[in-house]
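So the chains spell out like this:
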Amino acid sequence: MRQSYCVLSGIVLALVLYLLVSLVFGIINVTSVWDLGRFVYDISHYLIVVVAAVFAAKKAAGQGWLIGFSLALILAAISLAVHWSIGEPIFNQIVRSLITLGVGTVAGIFGVNI
C-alpha cells in the first residue's frame, strides 16, 4: 500500500511539474524570445521523470527500482497516448518510452540510496 501511495504522489508531482514547464515554455514561445527545439522538450521530460522518481523512491524508502519503473511506466503510457494523438511516428514514441523507463528505474534506485 505504501508503494502505491508513493507512486501516486510521484505522478502528481510529475503532472504539476509538467504544468509548470508547459507554462514556462508557452511564455517563451509566445514572446518569441527563444526557439525551443525537440531536444529541450525531451530533456525537460526526462528531468521531470528523474525528479518524480527520486521523490517517490525516497518517500517509499525501499524497492526504488520498482517504484521508479512503475512511475516511469505510467508516465510513458501517458506520453505515448499524447504523442500518438498528435500523430508522431511510432518508432520515436517507443524509443522515448524505453528511455523513460530506463531513466525512471535508475532514478528510483538513486532515490532510495540518497
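Up top is the structure.
Predicted model only: the values in this text are computed from it and were never measured. (Residues numbered from 1 in each chain as written. Predicted model: local features only at pLDDT ≥ 70, side-chain atom pairs only at ≥ 80, totals over all residues. Heavy atoms only, no water.)

Colleague: Explain the overall build of the protein here, please?
Modeller: Broken down by element type, the protein carries 4 helices and 0 strands. Overall, the protein is about 45 × 30 × 20 Å in size when its C-alpha atoms are taken along their principal axes. In the protein, of all internal contacts separated by at least 6 residues, the share reaching a separation of at least 24 is 75%. For the protein, the exposed area adds up to about 6800 Å²; of that, 78% sits on carbon and sulfur atoms. (Helix = DSSP H or I, 4+ residues; strand = E, 2+ residues; numbered from the N terminus. Contact = heavy atoms within 4.5 Å. Areas by Shrake-Rupley, 256 points an atom, 1.4 Å probe, with all protein chains shown as cover.)

Colleague: I keep staring at unusual backbone geometry and nothing clicks. Help me out?
Modeller: One non-glycine residue, Ala61, adopts positive backbone phi at about 60°. Relative to the helices and strands, Ala61 is located in the loop between α2 (38-60) and α3 (64-85).

Colleague: Quick question: what am I supposed to make of a nonpolar patch on the surface here?
Modeller: A surface patch of nonpolar side chains, amounting to about 570 Å² of accessible area, comprises Ile90, Phe91, Ile94, Val95, Leu98 and Ile99. Counting through the fold element by element, Ile90 comes out in helix α4 (residues 90-113). (Patch = residues over 30% accessible without salt bridge, like charges linked within 9 Å, V, L, I, M, F, W, Y side chains within 5 Å. Salt bridge = Lys/Arg side-chain N within 4 Å of Asp/Glu carboxyl O.)

Colleague: Is there a simple way to explain empty space enclosed by the protein in this structure?
Modeller: Which parts of space are left empty comes out when a probe the size of a water molecule is rolled across the atoms. Within the structure shown, the criterion is met by 1 cavity of 30 Å³ or more. Reported here for the largest cavity is a volume of approximately 40 Å³. What lines the largest cavity is Ser79, Leu80, His83, Glu88, Gln93, Arg96 and Ser97. When contributions to the lining of the largest cavity are tallied by element, the ones reaching two or more residues are α3 and α4. A class-by-class count of the residues in the lining of the largest cavity yields 1 nonpolar, 4 polar and 2 charged. (1 Å grid on protein atoms, 1.4 Å probe; cavity = no way out; pocket = protein on both sides within 12 Å on 5 of 7 lines; lining within 4 Å. Points joined across faces, edges and corners; volume = space filled by probe spheres on them. Nonpolar A, V, L, I, M, F, W, Y, C, P; charged D, E, K, R; others polar.)

Colleague: Even after reading the chapter, I still don't get the environment of Leu80, so can you show me in this structure?
Modeller: Tracing the backbone shows Leu80 in helix α3. By relative accessible area, Leu80 is classed as partly exposed at 29%. Separated by 57 residues in the primary sequence, Leu80 and Leu23 place their C-alpha atoms 21 Å from one another. Apart from residues no more than four positions distant in its own chain, Leu80 is found in contact with Gln93, Ile94 and Ser97. (Buried < 20%, exposed > 50% of the residue type's maximum accessible area, 1.4 Å probe, protein only.)

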